[in-house]
Amino acid sequence: MNRPRRICKSLSRFLLALVILFVSAGVQSSAQSNPGTLQQGQGAPQQPPRSEEGLEVLHVQGNVYMIAGAGGNITVQIGDNVIVVDSGVTDMSKEVLAAIQKLTTKHVLFIINTSDDWDHVGGNETLSKAGWALPDSGLNPIRVDTSSLLPGNLRAGASIIAHNNLLDRMSAKDSTVPAGLLPTDTYSNDDWKLYNGEAVFITHPNNAHTNGDSYVLFRKSDVISTGDIVTLESYPVINEKTGGSITGVLNALNQILDLMVPKENEEGGTYVVPGHGRVCDRNDIANYRDMVTIVRDRIQSLIRKGMTLQQVQAAKPTLDYDPLYGTTTGSWTTNMFVEAVYRELSKNEASSGPARKITKNNRKKNGGGR
Amino acid sequence: MFPANRTVSFAAVLFALSLGPLSRPAFSQAEFSGQWGQEIHEDEPERRPGPEIGDYTGLPINDAARMKADSWDPQKWEMIEHECEAMPADYAARAPGDIRVTPEVDRFTQGIIAWHSTVRIWLQERMIYMDGRPHPTRHAAHTWQGFSTGEWEADMLKVKTTHLKEGWLKRNGLPRSVNATLTEYFIRHGNYLTLVTNIEDPAYLTEPLIRSSNWILAPGDRLLPNYCLPSVHVSHPKGWVAHYLPGENKWLNEFAYKWGIPEEAVRGGAETMYPEYQEKLAKMPLPPTPSAEKK
């Protein structure tokens, strides 16, 4: 009769020991995985945790990935080496680098900047330092540092490629851009071609978002990285001070559409990584182009009726698109967009002579609707 | 106290009950497999010949949706980027939409892990995942059929769909945005299948839009090849976009005039969905008849 009782007692002791073991192990692992709690007593600033888990990493197609959540969207193409289009904000650059290193063990060779916006170039230095330089090192200050020699006499310091107008602006006398973010290799013509396991076409559209934009086609993967020529979370940002124009944005959008081929039922095929927002196919880009064209036409017709900027804004020419692209707060409001378009089109109207009556024919010449 | 043999029996029953859910996968409560022929008797004028321009009656739309529809020009379908747009998941059921439904069965558990449907119009294929997988992240691409997950609510299959491409509430330019979510209830009663859809769109709707569609089981029927090859039929200048400028769409009043409905009422809005609107409607001035308009 006593034997089962003894077994029960031993069993309960064993279970108790197991529970104590699990609880203490749990406390230990919790302390290890949450170093923030250890720092609280040391007066360390309590920053919200930021890790690459906060980023959204998507496989777009072929060799191309998109990283969202670090400012502007970042495109990563993995070929013989790695090409990165735009680098996000400075504060997130370590997380971006970690996310790239999770995708591949290959090194970044080229960083291509589509514009000089802070949320597109902020990670240039971090990504460049972690990358490899071409043997004929150029202007990159990172490469001059001889302590950065890598095995095989390679140097750290990936090339930062951009249109020449971008370097001119970022390195101007009054510029406060840190040297490590500056482009190191620039092009002045309309395009530049590279190879990284597939053909890579860099194209400069004239005066679109700025006067120094580039968009990048990865030919075999069939993916285009557009930078802020396409921003699905706002109206196109037309930076007049840096040479941006709605005419240029529309020309660039139509050029990009020309490069895109959809699969069956107008879906898939060529994909676009926009400056901001989700991965797009041709139908999405066409809808965005349609929106820009329609708003342009409406503002132009109101200008031709002799309306002032205030009257045009009061007429709400963007009303039907505001739920998707509009905002009354932040750095690029709907009113700012309408004002930028109004100013540009008013100038064009003034330079093209007296106001013309809109007819079906002359609207069609301008690429507009009825 | 229970006698020992009754205690053992009770424990055995409990044990058997506890094993029950483990021993069988969760099979569906209704069978949707097969070929279904569409019944278009409901809303037939809108669904077969198509809705008339400017008919927004009984739809909970906002001013933004109204403006977008007013600007809509059917010449849009001459644009090569739009010519072959497929019917999105929320509208395919309203279009010529015979469907073929097949289950995707897990080989090991023999449970249904997804329903697969093909709809007649453009042979759009759709997956409704039943394995509890998460929806794609915010920046993933959108598609005509979106991303759908299903669960059983009694005998109804409840389906939630996100990541839809920009679509339409009606084929007269009334928009449905990419931010919309679609909730559907598939209900089978005998040889009939009813689908109740609920569209919530923060961009263009002020209230959910609920509609229903029906099919009848059609064994032996089959879908025919249906393919759209985009090509230029009417040439336009590069970058041309079909649309009407505000105030220039002369067709907007045609629907109200033709059917003698007050012009305010055809502009739609949530209010026009409810029976109470009849009282307000009775006090509204009627539009001129088409013959009076001509004079």
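A quick note: this is a predicted structure, and the numbers were derived from the prediction, not measured.

## Some words on the interface of chain A and chain B
Facing the 43 residues of chain A at the interface are 44 residues of chain B. With both chains or domains summed, chain A and chain B bury close to 3,900 Å², and 53% of this area falls on carbon and sulfur atoms. Counting the contacts that link chain A with chain B gives five salt bridges. Where E81 of chain B meets R289 of chain A, a salt bridge forms, and the shortest distance between an N and an O atom there is 3.3 Å. Across the contact surface, chain A and chain B share 19 residue pairs in polar contact (both at pLDDT 80 or more). Put simply, the parts of the chain that give the side of chain A that touches chain B at least two residues each are β1 (56-61), β2 (64-68), α8 (246-259), α9 (282-304), α11 (322-325) and α13 (360-365) of chain A.

## Concerning the state of the cysteines
One pass over the full model with this rule turns up one disulfide over all chains. Disulfide pairing is shown between C84 of chain B and C228 of chain B; the S-S distance is 1.9 Å. Residues C84 of chain B and C228 of chain B are joined by a disulfide whose S-S torsion is about -75°; by sign, that bridge is left-handed. In this pair, C84 of chain B sits in the loop between α3 (63-71) and α4 (89-92) while C228 of chain B sits in the loop between β11 (209-217) and α5 (254-259), placing the two residues 144 residues apart along the sequence. Across the pair, exposure class does not vary: C84 of chain B and C228 of chain B are buried alike. Here C280 of chain A is not disulfide-linked; the sulfur of C84 of chain B is the nearest cysteine sulfur, at 20 Å. Looking at C280 of chain A, the relative accessible area reads 0%, which means it is buried.

## Thoughts on the side chain of D86 of chain A
Residue and element names in this part refer to chain A. Structurally, D86 is set in the loop between β4 (82-85) and α3 (93-103). In terms of polar contacts, D86 uses its side chain to reach the side chain of H120, at 2.8 Å. If sequence neighbours within four positions are ignored, D86 has contacts with N73, I74, I112, N113, T114, S115, H120 and G227.

## What to know about the pattern of salt bridges
Under the definition given, this model contains 28 salt bridges over all chains. Among the ionic pairs, D116 of chain A bridges to R169 of chain A, the shortest N-O distance being 2.8 Å. Residue D116 of chain A is found in the loop between β5 (108-112) and α4 (118-121), and its partner R169 of chain A is found in helix α7 (residues 164-170); the two are separated by 53 residues along the sequence. Across the pair D70 of chain B and R267 of chain B runs a salt bridge, and its minimum N-O distance is 2.7 Å.

## With respect to the confidence of the model for chain A
Residues at a pLDDT of 70 or more form 75% of chain A, whose mean pLDDT is 83. With pLDDT under 50 throughout, residues 362-370 of chain A is counted as low confidence; its partners more than four residues away or in other chains account for 39 contacts.

## Describing α3 of chain B
Of all nine residues in α3 of chain B, eight are buried; the element is thus mostly enclosed. Buried within α3 of chain B we find A64, A65, R66, M67, K68, A69, D70 and S71 of chain B. Where α3 of chain B is buried, its residues touch α9 and α11 of chain A together with β8 (175-176) of chain B. Structurally, the start of α3 of chain B carries an N-cap: the backbone nitrogen of A64 of chain B is 3.2 Å from a side-chain oxygen of N62 of chain B.

## Considerations on the nonpolar core
Formed by 64 residues in total, the largest nonpolar core has its most connected members in I229, I238, Y288, M291, I299 and F337 of chain A together with I61 of chain B. The set of elements that each furnish at least two residues to this core consists of β12 (215-218), β13 (223-231), α8, α9, α10 (309-314), α11 and α12 (334-351) of chain A together with α3 of chain B. Other than its neighbours up to four places away in sequence, M291 of chain A contacts Y235, P236, Y321 and Y325 of chain A. If you look at the next biggest cluster of nonpolar residues, it comprises 28 residues, including A95, W122, M130 and V159 of chain B.

## Brief notes about the environment of L127 of chain A
All names here are of chain A. Position of L127 relative to the elements: it lies in helix α5 (residues 124-130). Take L127: its relative accessible area is 0%, and that puts it in the buried class. As for L127 and N335, which are separated by 208 residues in sequence, their C-alpha atoms are 36 Å apart. Among residues more than four places away in sequence, those in contact with L127 are V84, S87, S93, V96, L97, I100, V108 and I111.

Conventions we followed
- By convention here, each chain's residues receive numbers from 1 onward along its written sequence.
- Labels are handed out in written order, letters beginning with A for the chains and numbers beginning with 1 for the ligands.
- This being a predicted model, a pLDDT of at least 70 is required before a residue's local features are given, and a value of 80 or more before pairs of side-chain atoms are given or counted; all residues contribute to the totals for chains, interfaces and linings.
- The side-chain figures draw on all heavy atoms in the structure; neither hydrogens nor water molecules are used.
- The criterion used for residue contact is that any of the two residues' heavy atoms lie within 4.5 Å.
- Here's the idea: put two parts together, see how much 1.4 Å probe accessible area each one loses, and the total over both is what we call buried area.
- Here, a salt bridge means any Lys or Arg side-chain nitrogen found within 4 Å of an Asp or Glu carboxyl oxygen.
- For the purposes of these results, a polar contact is taken to be a pair of N or O atoms within 3.5 Å, where, inside protein, one atom must be able to donate a hydrogen and its partner to accept one; residues adjacent in sequence count only when each atom of the pair is a side-chain atom.
- Secondary structure elements are defined from DSSP: runs of H or I of at least 4 residues count as helices, runs of E of at least 2 residues count as strands, and each element is numbered from the N terminus.
- Throughout, disulfides are identified as pairs of cysteine sulfur atoms within 2.5 Å of each other.
- To sort residues, take the accessible area from a 1.4 Å probe on protein chains only and compare it with the maximum for the residue type: under 20% means buried, over 50% means exposed, and anything in between is partly exposed.
- What pLDDT conveys is the predictor's confidence in a given residue, as a value from 0 to 100.
- Among buried residues, the Ala, Val, Leu, Ile, Met, Phe, Trp, Tyr and Cys ones that are joined through side-chain atoms within 4.5 Å form a nonpolar core.

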